[in-house]
Each structure stands twice: as structure tokens, then as C-alpha cells.
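Commentary on secondary and tertiary structure
Below are the chains, spelled out letter by letter.
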Amino acid sequence: MANKTQTGQIGVTTENIFPVIKQFLYSDHEIFLRELVANAVDATQKMKALASNGEFNGELGDLKVSVELDEKGETLKIIDNGIGMTAEEVDKYINQIAFSSAGEFLEKYKDQNIIGHFGLGFYSAFMVARKVTIESLSWKEGSEAVLWSCEGDPEFKMGPAKKEDRGTVVTLFLDDESAKDYGTKGKISQLLGKYCKFMPVPIVFGKEQEWKIINSIEPLWTRKPSDLKDEDYVKFYKDLYPMKEEPLFHIHLNVDYPFNLTGILYFPKIKERMAIEKNNIQLYCDQMFVTDHVENIVPDFLTLLHGVIDSPDIPLNVSRSYLQVDENVKKISTYITKKVADRLEDIFKNDRAAWESKWDNLKLFIEYGMLSDEKFGERAMKFALLKNTDGKFFALEDYRKAIADTQTDKDKKERKKKLKQTRKEKEKANERKLEESSKRGDTKRNNEPTIIIDPSEPTPIEPPKPEVTTTPPKISPPPTVQTTPSIVQTVPKTEQPSNPKPSVSTVETASMPDQKVIYANFAE
């Protein structure tokens, strides 16, 4: 055998499937009630679809889902008057774990609103029950009622039932531990309020004489924004968060391409860091509550918001308590961020006074977004505000313009300082050039006579000196020799028989104050 290649299928037994379901199917055992009610709502929605398509012409009756608890008998019933099931359908959808009838039904009725994943959802009942029974009568003409029962092991019993009205009754016989946790009216009412308060079919709790409608079948986010007023949004917020202050404003989400998403997001008042709360956005799937942990659906900074998001395109794992990140989720996250930025910018542009009055509550949220989300940060540069010590608000661009003169003066001072340093360096360079030029001139005039100025004679008045230029001064040729008696000094006579005896004087020229010119008179 070792030398032969063998192929085959791994055999899987069902002996231990129920312990696995009981321990690991769902992270929160209380979800069992949501799943069973969702299946009943699903069956009712299917009944509506059949009637609207003309396939069912009978009497629909009062379409609703009833939940009944017998505290003494420790039983819980979920009752619907939806499409029901035949014996063949029970065998197909119940006996074959995790096969969802909703998948097939959607292929035929794609435009209808169907929640169900009946297989696994139904088996969540065994997390709290020692025994489960199903009584069902199909809507199909000539169908016979069927009774199915199972005590939490792979064996089941199925046979005829006495049920006479269309629909399904699921009965849970609670185990001892679950009877303590879920065997009271208060607990069941609380779970129905948490998971089922917006399901699209009326849900009643209690016996017929004391029915209490649990849910609102048409929540605000499913309605058109044009049909709603601000008061409607505030009332809905109060229904969601009875102990909270009124929100600053809201955003109504509604998109059907390239994904389906509806919802309403509210901006709460956040005046102090201690008041920050996350996980106040509730995620729904076709009006069925899924979770309030939406970290994978919206960017982290948006988890500060309150409200509701509903999308059938958000994938859920088997427990429906954790979200799987896929392309649709990424698109939804990007869309929500854009809609939030659009709404904030719209208020900033069209109602600046209201924007400034709300800024102290919005500041933390917006600055957190600017730091944590690059795309939102780019958008927020248009509507973020700064407040000066006088309490006056400025948009970032307005503030830049307001301080432009102050910043320019500072720059000018810096430039003046640099220019002053440059001038000094140029002056020193000019001085060095003049010194070098003077040295070269002294060498050439070694043989020129020494000029002696008599201190008794008046000193010529020097004209004001212009700024030193970088161009070395050029010595102009001496003008026509003339006698200037007041400044002429006689040079002592020496023995120079062959040369005339000059009379020499010096003056500074107006154009070249640093350059002395020699004037001479040659005696006959």
C-alpha cells in the first residue's frame, strides 16, 4: 500500500457537532434569540414576496412574529405565520446543517429583502436548550404539517403534526443553566429590545392578552431624507440614546451603488476628553442588530460618532459578532469618511456662525481625524478653525493671511540684518582694494616732490563724501594749471639749475574727496 498513490475524501462524523455548536458557534449565547427571531422574520418577508408577485392569492392574515415565554415550564416559543415548511424542506434545511434556504430564495426573488441563514441560525438554539421542536405547515396548497424534534445529538425525530395554520413554531426547552439566565420575562424583553427593535416585521412579546410590540418596522434611516424634519432626527436620537444630550447635527447616509448602505450618524457634544465614548454606532444587517463594534467598518476617529449603519453587503462570520474586512468594507469606510467631510465643509461654508458655535465640541473629533486619517486631514484643512486669545475664530487660510504682515516684518528684519552684514563686507573689500591701489600708486611716484601744507594757511572745506562704490576711483588728469594764492605753499629751493622752480598746492576734488590733486606754478 505504501508504494501506491491513493486519493479519497476525509470522513467527518457528526458525533461531536453539538458540543462544538454549544461552545463555539457564537461568542455570545444570547444571540440565539436574535437568530431565531430573524428566521421567523425571514419566513414572513418571504410570504409577503410571494403575495406581491401573485404566487400566493390567499389571505395573508396578521403578519407578525410572536415570542412567548413559560417561566414555570422553562420553555420559549418563537411563532410566525410565514411560508412554513414541508417535510422535504425540513429535511433539507434543518437536517443538513448550515444550508440556508435564503440563498436559493434570493436567486428567484432578488429584489426582496431576505435576511436568513436558516441552518446555522436555527442550531444556535442548542446553545441554551436541551431539546428543540419545530411544528410547521407550508403555504403550498395540499401541504401537511410536520413535527421535528431533537435533543442535542445527531438523532432527530420527524413525523406528522396537528398544526392547522400556516407558519412555524420553534419551541426551546431550556436547560437548567440557561433557564436561570434566559428564563425570565425581563431578560427576554431586554434581548428583544437590543437585537430586534428595528426588524421589518412586527414582533410581539407575551401572551395574546398582554402583547407588547417590541420594534419599529420602519426606522428613520429607511425613510427618505426629504420626508424628514430636524425634529424627527432628534427624536430618533433620543430613542437610541435616552440619557444623552441633543446632538450637534446629523448625516443621513443612503447609497445603493457600488454597495448598499443606509444609516444616520450623529455628532455628539464632546466638551471634555473624559466625555469621549466609543462603540456608539450600531451596525445592522437589513434592520437586524449585529454589533456596536464597528472598528473595521469606519475609521477609528469616526467611532466617536453615534448612530446607525445598515448594510447587507458587510460580510459577517459565523458568530456575526466580528466583522471580516473585504473590499466592500473598505469602500464603505471610504464613503462614510467622505460623507462626513462633505457635511462638515457644507456647514462651514453655509453657516459659519453655527460652525463657530459648535467648534469647541467638534475640535477634538476633527483634530483627531486630521492626525489619524490622511485623506480626512486634507479635507479638514478647509474647515478647521483656530481661536486666538480674544476668542476670535480663524480658518487656517484666514489666519495665515491675518499674520502675513507680522511674519513679513520679521522676514524684513532678517533681510536688513543680512544686507547690513553684506555692506560691511563690501566696504572692507573696497578698503582693501583702495589700500592695494594706493600702494601701487606710491611705488610709481617715488620721485615726486614731497607736499608740505602750511598749518597757518586756512584748510579747504571738504564737500560731503558720497557712499563708497565698489568701482575703484579713477584719477582724472589735472586741470589747467592755475595759481591759487590762498592755498599755495612754496617749496624750499634746492640746487636744481636745469629745472624750473615750481610752486605747488594741493586740493581735494569734489568728485574724488579721497584723492588729492597737485597744482603747480612753474616760475619763469
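If you're wondering where the values come from, they're calculated on a predicted model, not measured in any experiment.

1. What about the overall build of the protein?
In terms of helices and strands, the protein carries 13 helices and 18 strands. Every one of the 524 residues in the protein was classed for burial, and the buried ones make up 40%. In the protein, the share of contacts with a sequence separation of at least 24, taken over all contacts with a separation of at least 6, comes to 65%.

2. Remarks on the nonpolar core
Ranked by size, the top nonpolar core spans 58 residues in total, and within it Val37, Phe122 and Leu172 carry the most contacts. Per-element tally for this core: the top contributor is helix H2 (residues 31-52), with eight residues. With sequence-adjacent residues up to four places away left out, Val37 is seen in contact with Val65, Val67, Ile78, Leu192, Cys196, Met199 and Ile203. In this structure, Cys285, Val294, Ile297 and Tyr335 belong to the second largest nonpolar core, which totals 45 residues.

3. Some words on the environment of Glu356
You can see Glu356 is positioned in helix H10 (residues 352-372). On the accessibility criterion, Glu356 (24% relative accessible area) is partly exposed. Distance in space between the C-alpha atoms of Glu356 and Phe393 is 7.0 Å, their sequence separation being 37 residues. Look past the residues within four positions of Glu356 in its chain and what remains in contact with it is Leu385 and Phe393.

4. Concerning the pattern of salt bridges
Enumeration over the complete set of coordinates arrives at 16 salt bridges. In this structure, Asp239 and Lys235 form a salt bridge, with 3.5 Å as the shortest nitrogen-oxygen distance. Taken together, the residues span about one helical turn, with Asp239 and Lys235 both in helix H8 (residues 230-240) at a distance of four residues. Assessed through its relative accessible area of 47%, Asp239 is described here as partly exposed. As a salt-bridge pair, Arg379 and Asp342 come within 2.7 Å of each other at their nearest N and O atoms. Residue Arg379 is located in helix H11 (residues 374-380), and its partner Asp342 is located in helix H9 (residues 327-350); the two are separated by 37 residues in the primary sequence. Where salt bridges share partners, they join Lys338, Asp342, Glu345, Lys349 and Arg379 into one cluster.

5. Digging into the packing of H9 against H10
Interaxial distance between H9 and H10 falls to 8 Å at its minimum, and their mutual angle equals 145 degrees. For the pair H9 and H10, the contacting residues are Val340, Leu344, Ile347, Phe348 and Asn350 in the first and Arg352, Trp355, Phe365 and Ile366 in the second. Broken down by class, the residue content of the contact of H9 with H10 amounts to seven nonpolar, one polar and one charged.

6. Considering unusual backbone geometry
Going from Tyr257 to Pro258, the amide bond is cis rather than trans, its omega being 5 degrees. As for its placement among the helices and strands, Pro258 is situated in the loop between strand S9 (249-255) and strand S10 (261-267). Within the chain, Glu74 stands out as a residue other than glycine whose phi angle is a positive 55 degrees. In this fold, Glu74 is placed in the loop between strand S1 (65-70) and strand S2 (75-80). With phi around 50 degrees, Asp286 is a residue other than glycine that occupies positive phi space.

7. Here we look at the packing of aromatic side chains
Under the definition given, this model contains 27 aromatic pairs. Geometrically, the ring pair formed by Phe122 and Tyr123 is edge-to-face, given 5.3 Å between the ring centres and 80 degrees between the ring planes. Residue Phe122 is classed as buried on the basis of its relative accessible area, which comes to 0%. According to the relative accessible area criterion, Tyr123 is buried, its value standing at 4%. Aromatic ring contacts, followed pair by pair, group Phe249, Phe267, Phe301, Phe348, Trp355, Trp359, Phe365, Phe376 and Phe383 into a single cluster.

8. Observations concerning the sheet that holds S2
Strand order in this open sheet of eight strands is S5-S4-S3-S6-S2-S1-S7-S8, and the pairing throughout is mixed. The strands lining the two open edges of the sheet, one partner per strand, are strand S5 (156-160) and strand S8 (212-213). As paired strands, S1 and strand S7 (residues 203-205) are joined by three bridges and run parallel to one another. Residue pairing across strands places Ser66 opposite Val204, the latter belonging to S7. Contacting S1, S2, strand S6 (167-174) and S7, H2 runs over the sheet at an angle of about 20 degrees to S2.

9. Let's talk about a negative patch on the surface
On the surface, a cluster of negative charge is contributed by Asp70, Glu71, Glu74 and Asp176. With a relative accessible area of 33%, Glu74 lands in the partly exposed category.

Rules behind the numbers
Residues numbered from 1 in each chain as written. Predicted model: local features only at pLDDT ≥ 70, side-chain atom pairs only at ≥ 80, totals over all residues. Heavy atoms only, no water. Helix = DSSP H or I, 4+ residues; strand = E, 2+ residues; numbered from the N terminus. Buried < 20%, exposed > 50% of the residue type's maximum accessible area, 1.4 Å probe, protein only. Contact = heavy atoms within 4.5 Å. Core = buried A, V, L, I, M, F, W, Y, C linked by side-chain atoms within 4.5 Å. Salt bridge = Lys/Arg side-chain N within 4 Å of Asp/Glu carboxyl O. Axes fitted to C-alpha atoms, helices over the stretch in contact; angles between N-to-C directions. Nonpolar A, V, L, I, M, F, W, Y, C, P; charged D, E, K, R; others polar. Phe/Tyr/Trp six-rings, centres within 6.5 Å; stacked < 30°, edge-to-face > 60°. Pairing = 2+ DSSP bridges. Patch = residues over 30% accessible without salt bridge, like charges linked within 9 Å, V, L, I, M, F, W, Y side chains within 5 Å. Areas by Shrake-Rupley, 256 points an atom, 1.4 Å probe, with all protein chains shown as cover. Lys, Arg positive; Asp, Glu negative; His and termini not counted. Charge placed at Lys NZ, Arg CZ, Asp CG, Glu CD.

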